[in-house]
Amino acid sequence: MSEVVNAQTVLLVISITSSILALVCLRFVFVLGKKLQDAQGQTAQLSSSLQGSEQQIAILRSEVAELRASIMSIGKRVVATEQELNDVANQQAAQKYDDPDAKMYSRAVKMVELGADIEEVMRECELPRAEAELLMSLHNKSK
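All values reported here derive from a predicted model rather than from experimental measurement. (Residues numbered from 1 in each chain as written. Predicted model: local features only at pLDDT ≥ 70, side-chain atom pairs only at ≥ 80, totals over all residues. Heavy atoms only, no water.)

Colleague: Is there a simple way to think about the UniProt feature "transmembrane region" (unreviewed entry) in the chain in this case?
Modeller: Residues annotated in UniProt with the feature "transmembrane region" (unreviewed entry) correspond here to residues 12-32. From the first C-alpha to the last, residues 12-32 spans 30 Å; its make-up is 100% helix and 0% strand. (UniProt positions renumbered as here; feature names shortened; annotations may be inferred. Helix = DSSP H or I, 4+ residues; strand = E, 2+ residues; numbered from the N terminus.)

Printed below as a string of structure tokens:
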């Protein structure tokens, strides 16, 4: 009978141990399942965030391309405007030297700037007294 009790005790211990082991295994499976769900949720969030970032990158690339095109257009206009400005400046310079009166007045202004008196300006540039006085007056105001 002691063998029967021993066999029953052993069976009871084995049964309890296997039940505990089964509970531990179930708990382990439950924890792993929970961690798997959490990881899947994080993966979904990261995937969504990645898609949003990719859309933003596409938008920014488009905006950069538009800015490049605008800058190129502005650059071309600036170059054209500079060319026009140079042409106008050259035309003005040419007109200044083509007009004999302009040469005379330019010479008179230079003489006034160098300190010539009114009589000298009248004599050298063949200007009337009123014009020579006007040049002297304008030069003195600009100082």
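Colleague: Help me out: how do you make sense of the nonpolar core in this one?
Modeller: One recurring pattern in soluble globular proteins is that nonpolar side chains are buried together. In this structure, Ala108, Met111, Val112, Ala116, Ile118, Val121, Met122, Cys125, Leu127, Ala132 and Leu135 together form the largest nonpolar core, which totals 11 residues. Among the elements of the structure, α2 (100-113), α3 (118-125) and α4 (129-142) are those that each provide at least two residues to this core. Looking at this core, the element that brings in the most residues is α3, giving four residues. Here Leu135 is in contact with Tyr105, Ala108, Val109, Val112 and Leu127, once residues within four sequence places are set aside. (Core = buried A, V, L, I, M, F, W, Y, C linked by side-chain atoms within 4.5 Å. Buried < 20%, exposed > 50% of the residue type's maximum accessible area, 1.4 Å probe, protein only. Contact = heavy atoms within 4.5 Å.)

Colleague: Looking at this structure, how should I read the side chain of His139?
Modeller: Here His139 lies in helix α4. The exposure class of His139 is buried, given its relative accessible area of 16%. In contact with His139, not counting residues within four places along its chain, are Val112 and Glu113.

Colleague: Even after reading the chapter, I still don't get unusual backbone geometry, so can you show me in this structure?
Modeller: With glycine set apart, most residues show a phi of negative sign, and most peptide bonds adopt trans. Positioned with a positive phi, Glu126 is a non-glycine residue whose angle comes to about 55°. Position of Glu126 relative to the elements: it lies in the loop between α3 and α4. Classification of Glu126 by relative accessible area gives exposed; the value is 68%.

Colleague: What should I look at first to understand the environment of Gly115 in this one?
Modeller: Tracing the backbone shows Gly115 in the loop between α2 and α3. Spatially, the C-alpha atoms of Gly115 and Met136 are 9.6 Å apart, while their sequence positions differ by 21 residues.

Colleague: Whenever I open this one, α3 confuses me. Can you help?
Modeller: Helical geometry: 3.6 residues make up each α-helical turn, so side chains three or four residues apart lie on a common side. Listed in full, the buried residues belonging to α3 are Ile118, Val121, Met122 and Cys125. Seen end-on, α3 carries its buried residues on one side only, within an arc spanning 100°. Looking one or two places after α3, you find Glu126, whose phi comes out positive at around 55°. (Arc of directions from axis to C-beta.)

Colleague: Whenever I open this one, the pattern of salt bridges confuses me. Can you help?
Modeller: For side chains of opposite charge, pairing can occur when their charged atoms come near one another. Counted according to the given criterion, the structure contains four salt bridges. Linking Asp38 and Lys34 is a salt bridge whose minimum nitrogen-to-oxygen distance equals 3.8 Å. Separated by four residues within a single helix, Asp38 and Lys34 lie in helix α1 (residues 2-98), roughly one turn from each other. Residue class for Asp38 comes out partly exposed when judged on its relative accessible area of 40%. Classification of Lys34 as partly exposed rests on a relative accessible area of 44%. Note that Arg107 and Glu124 form a salt bridge whose closest N and O atoms lie 3.1 Å from each other. A residue pair is termed long-range when its members are at least 10 positions apart, and Arg107 in helix α2 and Glu124 in helix α3 qualify at 17 residues. (Salt bridge = Lys/Arg side-chain N within 4 Å of Asp/Glu carboxyl O.)

Colleague: Would you mind going over the environment of Met111 with me for this structure?
Modeller: Looking at the element boundaries, Met111 is found in helix α2. Using a relative accessible area of 12% as the deciding quantity, one classes Met111 as buried.

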